[in-house]
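So the chains spell out like this:
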Amino acid sequence: MSTPDTFHRDPARLLPVDPTVRAIALDLYARVADAPIISPHGHVPPSLLVNDEPYADPVALLVTGDHYVTRLLHAGGVDLADLVVGEAGRDARAVWRTLAAHWHRFAGTASGYWIEEELDGVFGITTPLGPETADAIFDEIVTALARPDFRPRALFERFGIELLATTDDPLDDLAEHAALASSGLRGRVVPTFRPDRYLDPDAPAFGDDVERLLGATGRPTDFAGYLGALEERRAHFIGHGAVSADHGIEEPFTVDLDAAEGARLFRAVLAGTADAAERRAFRGHMLVQMARMSVDDGLVMTIHPGVLRNHSTTTHARFGPDTGHDIPVAIEFTRGIRPLLERFGLERDFHLVLFAIDETTYSRELAPLAGFYPSVYLGAPWWFLDAPDAIARHRAAVTETAGFYRSSGFIDDTRAFLSIPARHDTARRVDAGFLARLVAEGRVRLPAAERVMDDLVGDIPRAVFKL
Amino acid sequence: MSTPDTFHRDPARLLPVDPTVRAIALDLYARVADAPIISPHGHVPPSLLVNDEPYADPVALLVTGDHYVTRLLHAGGVDLADLVVGEAGRDARAVWRTLAAHWHRFAGTASGYWIEEELDGVFGITTPLGPETADAIFDEIVTALARPDFRPRALFERFGIELLATTDDPLDDLAEHAALASSGLRGRVVPTFRPDRYLDPDAPAFGDDVERLLGATGRPTDFAGYLGALEERRAHFIGHGAVSADHGIEEPFTVDLDAAEGARLFRAVLAGTADAAERRAFRGHMLVQMARMSVDDGLVMTIHPGVLRNHSTTTHARFGPDTGHDIPVAIEFTRGIRPLLERFGLERDFHLVLFAIDETTYSRELAPLAGFYPSVYLGAPWWFLDAPDAIARHRAAVTETAGFYRSSGFIDDTRAFLSIPARHDTARRVDAGFLARLVAEGRVRLPAAERVMDDLVGDIPRAVFKL
Amino acid sequence: MSTPDTFHRDPARLLPVDPTVRAIALDLYARVADAPIISPHGHVPPSLLVNDEPYADPVALLVTGDHYVTRLLHAGGVDLADLVVGEAGRDARAVWRTLAAHWHRFAGTASGYWIEEELDGVFGITTPLGPETADAIFDEIVTALARPDFRPRALFERFGIELLATTDDPLDDLAEHAALASSGLRGRVVPTFRPDRYLDPDAPAFGDDVERLLGATGRPTDFAGYLGALEERRAHFIGHGAVSADHGIEEPFTVDLDAAEGARLFRAVLAGTADAAERRAFRGHMLVQMARMSVDDGLVMTIHPGVLRNHSTTTHARFGPDTGHDIPVAIEFTRGIRPLLERFGLERDFHLVLFAIDETTYSRELAPLAGFYPSVYLGAPWWFLDAPDAIARHRAAVTETAGFYRSSGFIDDTRAFLSIPARHDTARRVDAGFLARLVAEGRVRLPAAERVMDDLVGDIPRAVFKL
């Protein structure tokens with residue numbers, strides 16, 4: 001059914017419109033358009049590739065679990081329950097029609113662009129989504145999904161993924177990663193150590209989780225046992241190919257403590273007698289401890305701060321976490337991250353990648369920090385900012401201070417597997433456009449821009465993530 | 001005298017310069033250039049349209065009371081007293097000459113652009129303002145103002161205003177609105193409930209004002225009486241066509257309290273025994289109460305936060321409020337507005353429009369909130385940000401997260417009646433340019449952009465403000 | 001050896017690429033391209049021009065002491081010690097080769113652009129810097145530096161510097177400035193009063209410094225003596241041509257106190273008994289005192305706030321201050337600067353220039369303040385923001401509210417003498433591009449833009465700095 005939509009397939013999409021800049025950008029983009037995808041941080045479940053089962057339907061593929069999509073439908077008045085296939089006898093087609101009916105709400109959004117890219121790039125569907133076309137598009141996807149080349153492993157290889165990092169619980173046995181490593185998949189899938197629940201006394205099951213951690217590693221219930229357990233699990237991850245440890249925290253606040261005070265706080269937070277300031281200090285100190293472990297074991301440390309999770313208690317109670325109402329807050333790094341950097345910021349092989357949703361930190365704090373500390377790298381624009389204009393704003397905000405070589409390379413950070421190529425392609429196009437403008441304005445010579453373009457999708461992420 | 005100034009009348013003014021983008025933008029703009037004006041929030045006094053008297057002179061028309069204009073003259077060294085006609089024998093022509101002498105200071109400002117638009121669009125004057133042309137332009141305006149088609153009601157209809165909301169005191173009898181409703185004016189003029197002075201214990205005459213409120217409604221001096229009085233006055237406003245209640249506050253801070261604690265705080269703030277934290281809690285709780293009333297009676301709730309009023313005590317003492325020295329402060333919504341949203345954020349027919357001058361909240365907080373909560377709408381760029389580049393920054397900051405359909409449509413928020421068409425035209429042009437870029441970059445298909453363009457000046461404000 | 005690189009010498013570099021805008025921008029830029037340089041704030045040591053000795057080598061010229069350059073090399077993994085000529089037998093050529101090996105890191109940075117401008121503009125070297133060309137470029141610069149026309153005074157006159165302000169300690173006898181004044185140099189070199197170390201109780205040697213100040217002026221150790229000493233030294237500076245007093249502070253926080261409380265705090269901070277809040281109040285009060293002195297003696301007051309100095313204690317201990325790890329922090333002006341403005345903000349001849357690295361303050365606080373208070377001027381984009389995109393963002397953020405005539409004109413604030421022409425040229429180009437867009441978008445008439453362009457490099461800085 002797909003009628004050609006030459007407009008959408010404009011090979012220059014996302015590039016600056018000015019003909020001079022666009023011509024340069026097209027050449028730069030062409031250098032990397034087909035480069036392998038390096039995805040050193042994200043949330044694709046490894047089981048997807050282990051099991052390699054066909055996607056159930058277009059909704060499972062493009063809607064369910066993609067809280068970028070479901071939140072905007074919710075904002076448009078759709079109850080989240082109405083997006084669950086099987087709920088109240090609802091079938092996938094009905095949910096798909098809901099998406100189509102609200103599709104105008106996605107105009108101009110990153111999610112809208114990605115889904116159109118996926119429909120076209122993966123399925124060759126260029127018909128605009130809408131109430132009249134919903135059923136035909138649904139059927140076309142269903143037909144494709146039945147074919148073996150639309151199974152996850154086939155797509156993984158078709159996407160040209162060289163490395164995909166998942167995000168995993170420290171107690172995960174990583175059996176799925178082991179299975180993938182010996183499965184003949186073209187491309188590495190590596191785990192990422194994500195210990196938040198074991199480090200934050202305010203996490204819902206902190207005490208139980210620490211107990212499980214100590215039990216699993218046979219460690220005594222004291223601070224040294226706790227640190228040893230974390231180190232042991234990191235080693236387990238490294239043994240399964242992990243390159244980084246990730247920290248999702250509300251504020252980038254770090255505290256350096258001596259061993260005795262660390263031990264005292266550990267006892268207090270476990271006993272539930274620590275007050276808010278002590279719990280905050282413990283969290284902040286554990287970031288310093290994780291940095292120490294990174295210095296010791298070489299795992300790249302990534303920090304994703306500044307999000308208040310589960311803003312709507314009612315929604316969280318009904319639908320659980322990651323349902324679209326995590327809302328950013330203002331943060332600051334200069335003072336908050338200083339204790340960590342005072343300890344480890346000058347360590348030669350320590351890599352610390354700092355992400356932010358609060359754009360004010362880009363030019364004010366992150367570029368100056370990454371422009372001095374050899375350990376600090378600028379994380380790619382994250383979450384709500386992983387979108388064309390926001391990516392361009394990020395480059396404009398940091399490059400004049402820190403250049404390109406203090407940035408991390410693109411990070412997709414997604415649980416929407418199908419969107420990975422579209423997201424990386426978006427970043428490549430926006431970076432090509434940004435560089436092309438610098439060339440056209442006489443600020444960067446073309447050969448220098450070409451080297452930067454190549455490195456942004458290759459040497460830079462490989463160096464930052466020690467690949 | 002007006003010699004043609006073909007440059008200024010460039011039909012593509014404010015649109016992006018790139019020819020490809022401009023061509024698309026011109027087509028999009030043409031769809032809405034003559035659409036009726038919907039102005040759901042502003043400060044035009046209803047008496048202007050009831051009395052329908054000719055403007056006294058060009059100064060009364062364009063300078064007096066427009067603190068956008070007077071503040072920049074003041075910054076340029078002009079004493080505010082020297083802008084008052086009649087003061088020290090000063091006539092309007094002298095003030096007009098002062099404006100002309102300082103006109104270069106307005107180059108690049110929103111006010112400068114609007115006034116040029118008004119001179120041209122309303123009076124057909126395209127001669128540049130300056131010391132040499134001041135008298136001739138003054139005379140030309142004086143001549144026009146004597147004509148019946150330059151009286152306020154004639155201008156109202158010529159401007160194509162479909163709806164104009166005023167901002168009114170809760171105890172206003174709204175007789176002027178009643179008079180307007182039966183006056184045969186083509187277009188609705190509706191009141192807006194603005195209760196700040198009755199809700200803020202730190203307002204200068206809070207106790208007296210509450211007493212007047214209770215007296216006017218015959219209510220007892222207790223919290224239930226106070227809430228009942230507010231509800232009764234809201235009903236009075238609704239009876240006169242009001243669609244919204246507006247709140248101008250220094251910080252978007254809300255507090256949910258039980259009835260007993262609310263009543264206790266009410267007694268304490270009235271008695272003057274409440275400390276700063278209690279007064280803040282009372283203010284924050286009254287926002288939650290106003291949200292509750294909006295859920296009950298359907299008035300759209302609009303919040304204009306983050307301005308420290310009357311920064312210069314000396315100026316306030318000499319010239320009163322609204323004289324150009326209200327200065328914005330940093331704000332945050334994610335935590336501050338959460339108690340209100342926890343109570344009412346998921347209510348189906350509750351509409352909460354959040355404005356901000358602190359641009360940092362756009363991508364960080366407001367777009368994520370409006371991208372999830374069905375009740376939350378992104379207020380149009382406000383006050384100092386109601387200007388071409390700032391409007392474009394706003395769209396770029398929020399659209400990738402929240403799309404177009406979570407925004408309020410343009411709000412002029414002005415007391416400068418003559419500037420209303422220029423302001424709405426500015427927003428239409430900037431939105432057309434923004435959309436045109438998305439089309440030219442292959443991010444939004446043209447038919448989708450056309451629908452957005454139409455809806456931004458029609459269905460969107462009508463839906464948000466329940467018109 | 002220099003082969004022509006016509007690309008880099010594009011006369012339209014840094015201007016917008018769109019042909020329509022670029023044509024207007026070129027015309028505007030041409031008006032001011034060769035205008036004299038007014039540099040009312042910077043850090044060039046006067047001894048450079050007094051001694052007028054040849055630069056030792058290319059490293060002394062372009063690397064040593066330019067912490068914009070050394071910090072990015074450091075971030076790239078170079079030990080700062082490895083950039084010191086003479087250290088461990090290292091010669092200048094070795095350091096130059098290090099710069100060349102890391103030159104790709106400077107692509108897109110302000111420093112990278114300036115150095116290319118300097119190589120070309122001062123030495124006629126257009127060969128790209130890199131490992132293969134490092135030696136030849138080094139030799140070419142060495143040859144040039146031996147010539148008399150590459151000595152500092154010759155360069156000063158070749159650069160067309162009309163006025164250069166240095167930054168000096170209040171106890172400096174200013175003999176070098178006196179020598180320069182009578183040396184026949186074409187162009188003024190004036191001192192700037194910078195009293196931070198004498199005003200901040202938390203400065204490392206505060207007590208000793210105050211004692212030296214009182215000793216040098218023969219004043220008693222009390223608050224009146226201290227204020228008198230500062231006034232006396234300001235008079236000394238004015239006698240040597242100073243036009244401004246500069247304040248580098250962590251936060252723009254001001255406090256108005258009566259004389260008794262000021263005196264009490266003075267005794268407490270000198271005795272070391274003041275707590276943190278009292279030390280902060282003293283600092284904040286001394287800014288008000290400095291404003292009072294500016295009202296009295298006419299020195300323009302400039303404030304550079306919001307930088308946490310010496311972020312890396314280890315680096316500071318090894319290499320001292322100004323070594324690339326001063327990191328900005330969030331600041332606010334609206335409340336913090338208010339006490340000062342309540343006292344002196346309406347004084348007719350008081351000039352207060354407010355700088356910021358925290359871009360969030362531009363549209364939110366600084367433009368509204370400068371758009372009302374006749375004393376407040378918008379400082380040019382500072383430090384990390386002294387770069388093409390950042391300068392353009394600044395104009396876009398403030399102009400719609402405050403116009404061009406409330407800004408300070410460009411300030412280079414540099415200790416890198418050779419970069420002065422490149423920096424001023426950058427600002428002129430970016431301003432021309434910004435203005436050209438406003439013209440092309442029909443927002444500013446061409447004659448008005450021409451006047452603004454001329455004034456930005458002439459009348460505006462002359463008026464703001466009372467030249």
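A word on the relation of the copies chain A and chain C. For these two chains of identical sequence, chain A goes onto chain C by a turn of 120° and a shift of 0.0 Å along the axis, with RMSD 0.0 Å. The relationship between the two copies is best expressed as a three-fold rotation axis. Mapped onto chain C, only 5% of the interface residues of chain A again fall at the interface, so the copies present different surfaces.

Our focus in this paragraph is the interface of chain B and chain A. Each side of the interface is counted separately: chain B has 43 residues, and chain A has 53 residues. Buried area between chain B and chain A, both sides added, is near 4000 Å², and the carbon and sulfur share of it is 53%. Applying the counting rule to chain B against chain A returns five salt bridges. The partner of A:Glu116 in a salt bridge is B:Arg445, and the shortest N-O contact between them spans 3.4 Å. Where chain B touches chain A, the interface holds 27 residue pairs in polar contact (both at pLDDT 80 or more). When residues of the side of chain B that touches chain A are traced back to their parent elements, those giving at least two are α1 (19-32), α16 (338-344), α17 (360-370), α18 (388-402), α19 (420-440) and α20 (446-456) of chain B. Sorting elements by how many residues they give to the side of chain B that touches chain A places α17(B) first, with seven residues.

The next thing to look at is the relation of the copies chain B and chain A. In this arrangement, two copies of a chain are superimposed by a rotation about an axis accompanied by a shift along the axis. By a simple turn and slide, chain B fits onto chain A: the slide is 0.0 Å along the axis, the RMSD is 0.0 Å, and the turn is 120°. Little of the interface of chain B is mirrored in chain A, where only 5% of its interface residues again form contacts.

Next up on the list: the pairing of strand β5 (residues 300-305) of chain A. All names here are of chain A. Within β5, six of the six residues are buried, leaving the element largely enclosed by the surrounding structure. Side chains Val300, Thr302 and His304 of β5 all project onto a buried face; the interleaved residues Met301, Ile303 and Pro305 project onto the opposite face, where all are buried too. Relative to β5, strand β4 (residues 244-249) runs parallel, the two being bridged by six bridges. Residue pairing across strands places Ser244 opposite Val300, the latter belonging to β5.

To continue, consider the domain arrangement of chain A. One frequent convention defines the size of an interface as the accessible area lost when the parts assemble. Residue and element names in this part refer to chain A. Taken domain by domain, chain A holds domain 1 (54-150) and domain 2 (152-464). The distance between the C-alpha centroids of domain 1 and domain 2 comes to 30 Å. Listed by partner, the interface residues are 22 residues for domain 1 and 24 residues for domain 2. At the boundary of domain 1 with domain 2, total buried surface from both sides reaches about 2100 Å², with 62% on carbon and sulfur atoms.

Here is what the cut-offs are and how they apply
Residues numbered from 1 in each chain as written. Chains lettered and ligands numbered in written order. Predicted model: local features only at pLDDT ≥ 70, side-chain atom pairs only at ≥ 80, totals over all residues. Heavy atoms only, no water. Least-squares fit on C-alpha atoms with pLDDT ≥ 70 in both. Contact = heavy atoms within 4.5 Å. Buried area = accessible area lost by both parts, 1.4 Å probe. Salt bridge = Lys/Arg side-chain N within 4 Å of Asp/Glu carboxyl O. Polar contact = N/O pair within 3.5 Å; in protein donor to acceptor, adjacent residues only side chain to side chain. Helix = DSSP H or I, 4+ residues; strand = E, 2+ residues; numbered from the N terminus. Buried < 20%, exposed > 50% of the residue type's maximum accessible area, 1.4 Å probe, protein only. Pairing = 2+ DSSP bridges. Domains from an automatic or database assignment.

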